[in-house]
Amino acid sequence: MRKRGTFVVGAVNDRALLKFLKESVLTESLHRAQTENRDKMTSPEPIIRSKQTEKEVNGISTQVVCTEFSNYIFIVLTQYGKIGTLVSVTPDSRSNDISTSTFSTKVLLGKEEPLTHVCAKNLATFVSQEAGNRPVLLGLALKDSSLDAINQMKEVIRSCKVW
């Protein structure tokens, strides 16, 4: 593991983040179950919808997990088997028109590099627009961030559509 600023980047953060996300899913599930009408709870529709797939992108195994929460879409896109850099992609609050939205990115955990912001915005913009301008939380761990790879990854994400 190596230190970056005050954060330790590596397996420890991945485990802590996974624990945090698991607890968030449980909290979200409990909240929804308590507030929904008891009669509707018998429906087969899961409270938290999630899909995952694995495809090769330019010869590199790429895994995607898409999860829909009530207030955001969470996507993990990895070629390393780790969550990687966690980026928040949010639509500009001043824009009401979905087709002309502008988006801002913020690295929450991981590498703060310009290419990270470019990749995140390119990968998550269409998801947010299709999901009614909801914010997207994106975990990125990429070996190949070429334009061709990004376009292929968009299709892999689209195949896991939960929004």
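The structure this text deals with has already been given above.
All values derive from a computational prediction rather than experimental measurement.

Participant: I'm lost on the nonpolar core in this one. Help?
Facilitator: The biggest cluster of nonpolar side chains holds 29 residues, and the ones touching the most others in it are Ile75, Ile157 and Trp163. Secondary structure elements with two or more residues in this core: β4 (60-68), β5 (73-78), β6 (85-91), β7 (103-109), α2 (114-130), β8 (136-141) and α3 (147-158). Take this core: its biggest share by element is 6 residues, from α2. Within the second largest apolar cluster, 8 residues are counted, among which are Ile48, Tyr72, Phe74 and Ile83.

Participant: Mind showing me how you'd approach the pattern of salt bridges here?
Facilitator: Applying the stated criterion across every chain, the model contains 5 salt bridges. Glu68 is the salt-bridge partner of Arg134, the closest N and O atoms lying 2.7 Å from each other. Of this pair, Arg134 sits in the loop between α2 and β8 while Glu68 sits in strand β4, placing them 66 residues apart in sequence. One salt bridge in this structure joins Lys161 and Glu130, with 3.6 Å as the shortest N-O distance. Of this pair, Lys161 sits in the segment after α3 while Glu130 is found in helix α2, placing the two residues 31 residues apart along the sequence. Assessed through its relative accessible area of 37%, Lys161 is described here as partly exposed. Through salt bridges with shared partners, one network takes in Glu130, Glu155, Arg158 and Lys161.

Participant: Just to check I follow, could you spell out the side chain of Arg134 for this structure?
Facilitator: Relative accessible area serves as the criterion here: at 18%, Arg134 is assigned to the buried category. Setting aside residues no more than four positions away along its own chain, Arg134 makes contact with Glu68, Phe69, Ser70, Asn71, Tyr72, Ile73, Pro91, Ser128 and Trp163.

What counts, and where the lines are drawn
Residues numbered from 1 in each chain as written. Predicted model: local features only at pLDDT ≥ 70, side-chain atom pairs only at ≥ 80, totals over all residues. Heavy atoms only, no water. Core = buried A, V, L, I, M, F, W, Y, C linked by side-chain atoms within 4.5 Å. Buried < 20%, exposed > 50% of the residue type's maximum accessible area, 1.4 Å probe, protein only. Helix = DSSP H or I, 4+ residues; strand = E, 2+ residues; numbered from the N terminus. Salt bridge = Lys/Arg side-chain N within 4 Å of Asp/Glu carboxyl O. Contact = heavy atoms within 4.5 Å.

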